[in-house]
There are 4 protein chains.
Amino acid sequence: MTTSAGHDHIERVELSGHIIDSLLLPKVLDFITAAGGSFRIEKISIGHDRSDASYALIEVRAASKERLEQILADIADHGATPVHTQDARLVAADIAGAFPEGFYSTTNQRTEVRIGGRWIEVADQEMDCGILVDAAAQTARCQAMTDVMVGEHYIVGHAGVRVLPEAREMQPQGFEFMNSPVSTEKPKGVAIRQVATELVRAKREGGKVLLVGGPAIVHTGSIDHVSSLIRRGYIHRLFAGNALATHDIEHALFGTSLGVRLDSGDILEAGHEHHLRAINRIRRLGGIRRAVETNELRAGIMYECVKNNVDFLLAGSIRDDGPLPEVIADTLVAQAEMRKRIRDVTFCLMVATTLHSIAVGNLLPAWVKVVCVDINPSTVIKLADRGSFQTVGLVTDVEPFFRALVGEVDRLEI
Amino acid sequence: MTTSAGHDHIERVELSGHIIDSLLLPKVLDFITAAGGSFRIEKISIGHDRSDASYALIEVRAASKERLEQILADIADHGATPVHTQDARLVAADIAGAFPEGFYSTTNQRTEVRIGGRWIEVADQEMDCGILVDAAAQTARCQAMTDVMVGEHYIVGHAGVRVLPEAREMQPQGFEFMNSPVSTEKPKGVAIRQVATELVRAKREGGKVLLVGGPAIVHTGSIDHVSSLIRRGYIHRLFAGNALATHDIEHALFGTSLGVRLDSGDILEAGHEHHLRAINRIRRLGGIRRAVETNELRAGIMYECVKNNVDFLLAGSIRDDGPLPEVIADTLVAQAEMRKRIRDVTFCLMVATTLHSIAVGNLLPAWVKVVCVDINPSTVIKLADRGSFQTVGLVTDVEPFFRALVGEVDRLEI
Amino acid sequence: MTTSAGHDHIERVELSGHIIDSLLLPKVLDFITAAGGSFRIEKISIGHDRSDASYALIEVRAASKERLEQILADIADHGATPVHTQDARLVAADIAGAFPEGFYSTTNQRTEVRIGGRWIEVADQEMDCGILVDAAAQTARCQAMTDVMVGEHYIVGHAGVRVLPEAREMQPQGFEFMNSPVSTEKPKGVAIRQVATELVRAKREGGKVLLVGGPAIVHTGSIDHVSSLIRRGYIHRLFAGNALATHDIEHALFGTSLGVRLDSGDILEAGHEHHLRAINRIRRLGGIRRAVETNELRAGIMYECVKNNVDFLLAGSIRDDGPLPEVIADTLVAQAEMRKRIRDVTFCLMVATTLHSIAVGNLLPAWVKVVCVDINPSTVIKLADRGSFQTVGLVTDVEPFFRALVGEVDRLEI
Amino acid sequence: MTTSAGHDHIERVELSGHIIDSLLLPKVLDFITAAGGSFRIEKISIGHDRSDASYALIEVRAASKERLEQILADIADHGATPVHTQDARLVAADIAGAFPEGFYSTTNQRTEVRIGGRWIEVADQEMDCGILVDAAAQTARCQAMTDVMVGEHYIVGHAGVRVLPEAREMQPQGFEFMNSPVSTEKPKGVAIRQVATELVRAKREGGKVLLVGGPAIVHTGSIDHVSSLIRRGYIHRLFAGNALATHDIEHALFGTSLGVRLDSGDILEAGHEHHLRAINRIRRLGGIRRAVETNELRAGIMYECVKNNVDFLLAGSIRDDGPLPEVIADTLVAQAEMRKRIRDVTFCLMVATTLHSIAVGNLLPAWVKVVCVDINPSTVIKLADRGSFQTVGLVTDVEPFFRALVGEVDRLEI
C-alpha cells in the first residue's frame, strides 16, 4: 500500500446512495485531491441498476491534522461521513448574535446530527446557519446568526453531523435536459410546459407555489398573465420589492409603468412621476390593503393578491422610492418573515430579480424545486451556481414566458 | 466678429430640412467643434411647425486647410453642403479592384452628385462604396471596391456631392418609442404588433420582406411559425447560412436540432451527428431543391421556401460543416448575390444572427426599415450603432417572438 | 397662423441656454409632439458661437387643458418655462410621510422656485422628492416622502418652478467620446486616464471622491489596488454592502474570497464557510472598528478605511448573511445616512454593484460626475438611462480597471 | 437478474481509464437511461489511487435493435466499447463530396479503428469528419465531407471504432479552477499567469502558439501588446479576418481604429472612411506583404507578422469590406488552409471573435489546450459547450488581458 509521502494523517469515510450517477463519488475524490490530500478506495460496491444504491469506503490522508480536518469538513458537505462516528460536540453561545468559534456551518441539504448516540434530523434546513440543539428534547434546527441567544447550544466542528445529498431526478422528461441553463438556444416550449405541470400539480395536491418577482414583470406587460394565475389559484405566495408593487399600482392607477403606456408603448414623459404619485397615493390611503378595501385600487397583481388571499411580502432595498406602507424596510425583519413563509413552499418560480431570487435561494432547502427565469443570463448563472439539482435556469423573455405559461396551464386544466 | 485665433481657413455650408428635430444641426455643430474647428451661425430660420423645413447658414473655420477639408467631409455626410458648389471631381480608376486615391466613400443615405452643373441621384445606394459616374449618360451609382474596373470614373473628394439624410418618422405610435433598444424591460407586445403591421402592409402593397435568420430560429422551436409566415406570403426572401438550413433539414429528417428533440426537449446524444447526416443526405441527393422535388424533404423552412418560391440565399462561413450544396462558399460571390436581391426589399427582419445581420445592414440603404431581434443585447446594439432612424432593435427571445408575431398577423388578417 | 384642428389650449414657454447643442430644443419639441400637442416657434435667436447662449419662444397647443398641463410639466423638466410666471403654489402636508396630492416631483437638475416674486434656488437637489418651502425664511429644499411632517409646505403643480439643465461639457478630450457606453470595443486606456485625472484633481483641490463598490472588487483580486488608493488619499467615502466588507475581511483573515484563494486561484471547498466565520468573528469582536483597534484585522479595504479615516457606510440587503455589526439593516435609515454623506461629493466611482449604484444615482444631483464600471453591460446601461451628461459608463473588468487606474495615478503623481 | 420489461436487446460494453473522476462512468450511465435503455454493472474495479485506472463491464439493454444501436453509438463517443469487437466496416464512396450513408462521424477525441484485427490510430483527428481508411497501408485519417473522392473507403457504423477520451488534468494549480468560465467574478490574475506560462513553455520547448483574434484587439488598444508578443517569439500563427487586419493597418496609416483615435479616444467622424481607405491603399499596393516591403506599412500586428515570419491566415466573411488582398474569400479554401496550419499547434489563444474561434474549435483535436477570452460571456459559453477539459474560458476585457499577459511574460522571462 503506497501513499503520498508524508500524508500521515488518516481518516476513513463512507459514502452511500447514488454516489456514481449523482456525481458524489467523483466530487468527493476531486475535493480530496484539490485540497492537497490523497485517497485510497478501500471498498466499493456499485448498484447494478439505477435504482440500487452504491457504497464506497475511502481512506483519506493528508500531511497535517488541520488539512485533514479541512478535507473532512469539505467532503462531509457532500455526504462523506467518517466511519468512526461520535456525538456532535455542543458549545453554549457566549455572545448574543454570534455563534461560538468553530461552529458547524450548514448546507441546504438534508442533515442529521448525532446526539446521545441517536441520529436526529435537523429542522428548518437552511444554508449558512448554525445548528441549535436541545439535547434534552432531542431536537435540532437551523438558526441564523442574528437570532443566537446566550446560553443556546450550537454544534461545533463536523463530528456527529452527516449530510444526505439529494439524488438527481431520473425521469428522462424531467428538467434535466436544461443542464446548461445559460444557453439561450434551447427549445423553451418544453421547459415552460414542465413549469405549468408543476403549477397544476401543486394546485391539485395542495402544494404551495411561491413567486419571487421583479418589476420587469410589469414593464414587459405581464400583469394580466400573473393576475390570471393568481385568480385561478396557481400562486400562493408572492415575494417582491417595492418596485414590482409600485409599478403594478402605477399601472392600475395611471395605465403606465415607469411612464410607458403598456397598451400602446407610448412614453408619457411626465409619466416618470407616476410611480411616485402612485406610492404617495397609497401612503395617503394607508396601504395597499386599504386601497383595495376602499375601492381605490381595482386591478393588478397586488389587487389580486389581496382579493385572493395570496400572502405577499414586500422587502425593502436602499434603491426604493417611498416606499409603499407594506414594504418591510428592515432587511433582517424581512428575512425573518421570508423564513417563516417558505416553510411549506413546494415550488418556487423566480422571475426577473437577482436580489430577491438570491435572497430566497439562500433560505430554501435544496429539495424545493426552483425555476429561475431571466432574460439576462448572469442572474440565471448566479442562481444555478448555488447549485442543487433542483434549480433550473431559463434564459428567456418575461412576458412571452408568462403568456406561454398561461397557455400551457389552460391546456392542462381541461 | 471674433473667431478662434488662427482659424483662418473658412468655408460656408448650408443645411436644410428638419434640421432641429432630426438632430442634424446639433450633430453638425458637434462635429465641427469635436474636430477642432469653430463655427458661426450666420443665418437661421426655423420652421414654425413640425412640417415646415428649417434652414441654417454656417461659417466653418479651422486652423489648416487639411483640417477644414476633413471637417467639411464629416459634416457633408450629415447633409451640410458648401454654399459654393461645384461639379464632382472624376478620376479614372488605374487599377482593377481599387478606387483612385482620395475616392469619395459613400454613406447609406440618399445622395446626389453634381455632374455638368446638374444634380443627379446616385443609384444602388450602399455604404462604404465608391460612386461610379457615367458623365455622358448622366448616371451615377454605388460600386463596391472589388468590382472596380480600369478606366471607370469615380468621384474623388467631397465637392459636388450632397447627402440628404432621412427625417425621423413622426408618428407617435411608430417604432420610435424603442429609442433605447437595449433595455429588455420594455413592453414587447406593442413592438411585435408593429412588425406584424409591416408584414401585412407589405403583402397588401406588394412590398418585399426579407428575413435574415440564424439557426436559433430552429433551436428555439420556431420552424412552424416561420413556415406558416412563408406559406401565407409574408416573407419573400430568406438570407441565412448553412446552419439554419442544416438544422431545419435535420429537424425534418430526424426530428432533432443539434441533437435535441424539439418536441420533448430530450437530448439524443448521438444526435450530434444528425446535422452531419442531414448535410450528407442532401449532398447525396444533389441539393435542397432536388430533395424537395424527389419528396425526400417534406417539411420545414427550406421546404416551404422551395414550395412557395421564396428566394433563398445561403451564404457560407468558415465555421460551416459540409456545407449544403446551395451554400455559396465564396463570400464575395455571396455579397454580390445579396446586393442583387435586396434592391426591391422594403422591410427587413433580422433574427438571431450577428454575422448575416451586419452583412445585410452594410448593404441596405438607410430608408429601408429594419427590425433586429436577438436575445443577446450585443447584437442588437451593434446593428443599432450603424444607426439610421429606421433601425429598431428588440431584445427578446426568438420562439416567443415568432409565436406572438404569428398571433398578431392572424388578428390583422381578419 | 394655422394650428392643428382643435388644439385650442395654448401656453407660451421660453427656453434659453445652449438649447441647440445640449439637445434641449429638439427634446422639448419632441415631447410636445409625442404627447399629442403641437407647437409654433415664435422667436428664435441662435448663439453665433458655441459660447453664446440661444433663446427660443415657443407656443404650445393641446386639445385639452389636462393634456396641455401634462405637456408643460414634461417640458418644464427640460428647462422650458412658461412666459407668464407666477409664484409656486404651496400646500400644507396633511399626513405624515406623504406629500399633498399634485405635489411637484423633482428632477436631479438645478431647480429654482418662485416665492413671493423672487426666484430661490432649491437646496439638496435630488430626484423624486418634493420641494419643502419655508416662505418666511425664503428657503426651499428637496425632501424625501418618508420625511414629510404634517404642516410642512410643499410645492404643488409646476407653476413657479424652473429647471436649469446642465450644459454638456465641451472639451474635446472629455468623457464625451464614450457616448455609447455599452460598446465594449472602445479604447479603455483613455477613459481610465480621465478617471485618474479626476481623482488627482479632487485630491489637489479638496474635492471628495465617493467609491460605491460591490464584492467583485474583492473576488477579482482588487483589494491591494483599492487599499493603495485609500492610503494615498484618493478615496474619501466608501458606500458598499455587507458582501464587499465580508469578503474583504474573509480575505484578510483566511486568504480567500468566497472560498477561492486569491493568490493561487485554488478553490478551498470548505472555504465557502470562511465568509460566515469572518462575519461571526467580527460580530464576536464587536465590529470592524474594534477588530482593527484590537489588531485582529490587519489588512484590506475595510482596514484601510478605518486607519485612514475614510467614512464608510455599509447598507443592508435581504441577501446578507450575518450581517457585520456596522451594516445598517434598515434601508430607510441607510438612505438617510447616504443622503447626508453625499452632500459634498464631487466625483463618484461606481464599481460592480447594480443595487448600490442605482441607490446612489437616485440621490446625486445631475452635476456630480459619475463613472460607472461593470463587466456586465446591463448595469452600465441602467445607470446611463437615468441619464445626465455627467454619467459615463465603462464596460470593463474590475481588477484590470483598478490595476490600470493605479498605474495612471502613479504617472500623474510624479 | 431483473431487467426492465421488454428490454430484450442486449450488448456488453467495457470502459476503462479514469472513468470515475473523469466523469466517464456517470456520463455513460446517464446516456443509457436518458435514451430509454437500462443497464447493469456486471463488474467494476476502481483504482485505489488517483493514478490507477479503473474498469467497468456494463450490460446495456434496450427495447429495440435500433434503440440499442443508437445507445451504443452514443456511449462509444465517451469511450465505451463493445466487448465483442470486430473489424470496422468499410464502404467505398459512390459520390464525390459525400460520405456513404451510415458513415461513422468523428469526435475530436483520440480514436482507434480496427482493420484486419489490428487497432490503428486515426490521424488528423477532427470532429464531424469521416474516417478514410487505406486497408492495405493500414492507415486511417479524418477527412472532411467536401474532400471525399469516389472510390475512397470510409468507415460505416460504430463497429471497430474506439474512442479514448482525454483524462482531466489533475494538477491543483491547473486551469481547472475555472470550471465555471462564465463567472466574471473570479480572480483573473491567476488565469493570466497560467496563459503566460503556456506561452513561455511553448517558446522554450518548441511548441506552436496560435492566436485567433477579432478586431476588438485593435479597437481596445492592444496593438502594442500583441506586437510585442509577436516580436518576442510567443506567437507563431495568426488566424483572423479582414476586420482585424484592416483596423490594424488603419491604425498604422491613420492612427485610428474605426475612426476612433486610439491615443486620445477622440472620434474623428470622417474617420469612418479610414478603414476603407486603408483597404484601398493596400489593394493598390498589391497586398500586406508588398506594403511592408515597400515601407508603406511600418507598424502594427500585420507588420510584425510579416517581419517576424509569423504565418498569418485571413479568412473571409460576408461582412467584409474590400477585402484586403490576402483575405481568402472562399470559405472552403480557408478551412482547408486552416486545417493544414493547425497540425502542429500546441496552444491556442482565442480572443474576441466568435466566428473564427468556433471555426478553429471545430478543427482542433480535444487535447490541444485552448483559452478563449471575451468580454461577452456568450462567446465563451459557446466555446466551452463544445467542451473538452482542455478548453478554458475567461470572461474579461481584451486590452487589460493583453496588458497583464505581457506583464506576466516579462516576469517569467527573467
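Only a predicted model underlies this, so the values are computations on that prediction, with no experimental measurement involved.

Asks: Before we go on, may I ask you to explain the overall build of chain A in this structure?
Replies: In terms of regular secondary structure, chain A is built from 13 helices and 19 strands. For chain A, the proportion of its 414 residues judged to be buried stands at 61%. As displayed, chain A offers around 14500 Å² of accessible surface, 49% of which is attributable to carbon and sulfur atoms.

Asks: Would you explain the relation of the copies chain A and chain C in this entry?
Replies: The relation between the two chain copies is a rotation about an axis coupled with a shift along that axis. If you rotate chain A by 180° and push it 0.0 Å along the axis, it lands on chain C with an RMSD of 0.1 Å. A rotation of that kind, with that shift, is consistent with a two-fold axis. Taking C-alpha positions as reference, the residue of chain A nearest the rotation axis is D330 of chain A, located at 2.0 Å.

Asks: So what exactly am I meant to see when it comes to the sheet that holds strand β18 (residues 369-374) of chain A here?
Replies: Neighbouring strands of a sheet are bound in pairs by backbone hydrogen bonds; such pairs are parallel or else antiparallel. All names here are of chain A. The strand order across the open sheet built from 6 strands is β16-β13-β12-β17-β18-β19, with neighbouring strands paired in parallel fashion. Strand pairing shows two members of the sheet lacking a second neighbour, β16 (311-315) and β19 (391-395), which therefore form its edges. Adjacent strand axes in the sheet meet at a mean angle of 15°, parallel and antiparallel pairs treated alike. Relative to β16, helix α10 (residues 331-342) is tilted by about 155°, and along the sheet it contacts β12 (208-213), β13 (237-241), β16 and β17 (345-351).

Asks: How do you make sense of the environment of A88 of chain B when you look at a structure like this?
Replies: Residues and elements named next belong to chain B. Within the secondary structure, A88 sits in the loop between β4 (81-82) and β5 (89-92). Here the alpha-carbon distance between A88 and K43, two residues 45 residues apart in the chain, equals 26 Å. Setting aside its immediate chain neighbours within four residues, A88 contacts R114, I115, I155, A159 and G160.

Asks: Sorry, what's going on with the interface of chain A and chain C here?
Replies: A common way to express how large an interface is: the accessible area buried when the components associate. Contacts between chain A and chain C engage 57 residues on the former and 58 residues on the latter. Around 5300 Å² of area is buried between chain A and chain C when both sides are counted, 53% of it from carbon and sulfur atoms. Among the residues chain A hides against chain C, the three largest losses belong to R284, I318 and R319 of chain A. Together they make up 16% of the total. Our enumeration of links across chain A and chain C arrives at 4 salt bridges.

Asks: Where do I start with the packing of aromatic side chains in this structure?
Replies: For any two aromatic rings, the description comes down to two numbers: the centre-to-centre distance and the angle of the planes. Under the definition given, this model contains 12 aromatic pairs over all chains. Measuring from centroid to centroid gives 5.2 Å for F99 of chain B and Y154 of chain B, while their planes differ by 70°, and the two rings are edge-to-face. Here Y154 of chain B lies in strand β10 (residues 153-156) and F99 of chain B lies in the loop between β5 and β6 (110-115), a separation of 55 residues in the sequence. According to the relative accessible area criterion, F99 of chain B is buried, its value standing at 0%. Put simply, the rings of F99, F103 and Y154 of chain A pair up and form one aromatic cluster. Across the ring face of W367 of chain B, the terminal group of R110 of chain B is positioned such that the distance to the ring centre comes to 3.9 Å.

The rules we used
Residues numbered from 1 in each chain as written. Chains lettered and ligands numbered in written order. Predicted model: local features only at pLDDT ≥ 70, side-chain atom pairs only at ≥ 80, totals over all residues. Heavy atoms only, no water. Helix = DSSP H or I, 4+ residues; strand = E, 2+ residues; numbered from the N terminus. Buried < 20%, exposed > 50% of the residue type's maximum accessible area, 1.4 Å probe, protein only. Areas by Shrake-Rupley, 256 points an atom, 1.4 Å probe, with all protein chains shown as cover. Least-squares fit on C-alpha atoms with pLDDT ≥ 70 in both. Pairing = 2+ DSSP bridges. Axes fitted to C-alpha atoms, helices over the stretch in contact; angles between N-to-C directions. Contact = heavy atoms within 4.5 Å. Buried area = accessible area lost by both parts, 1.4 Å probe. Salt bridge = Lys/Arg side-chain N within 4 Å of Asp/Glu carboxyl O. Phe/Tyr/Trp six-rings, centres within 6.5 Å; stacked < 30°, edge-to-face > 60°. Lys NZ or Arg CZ within 6 Å of the ring centre and 35° of its normal.

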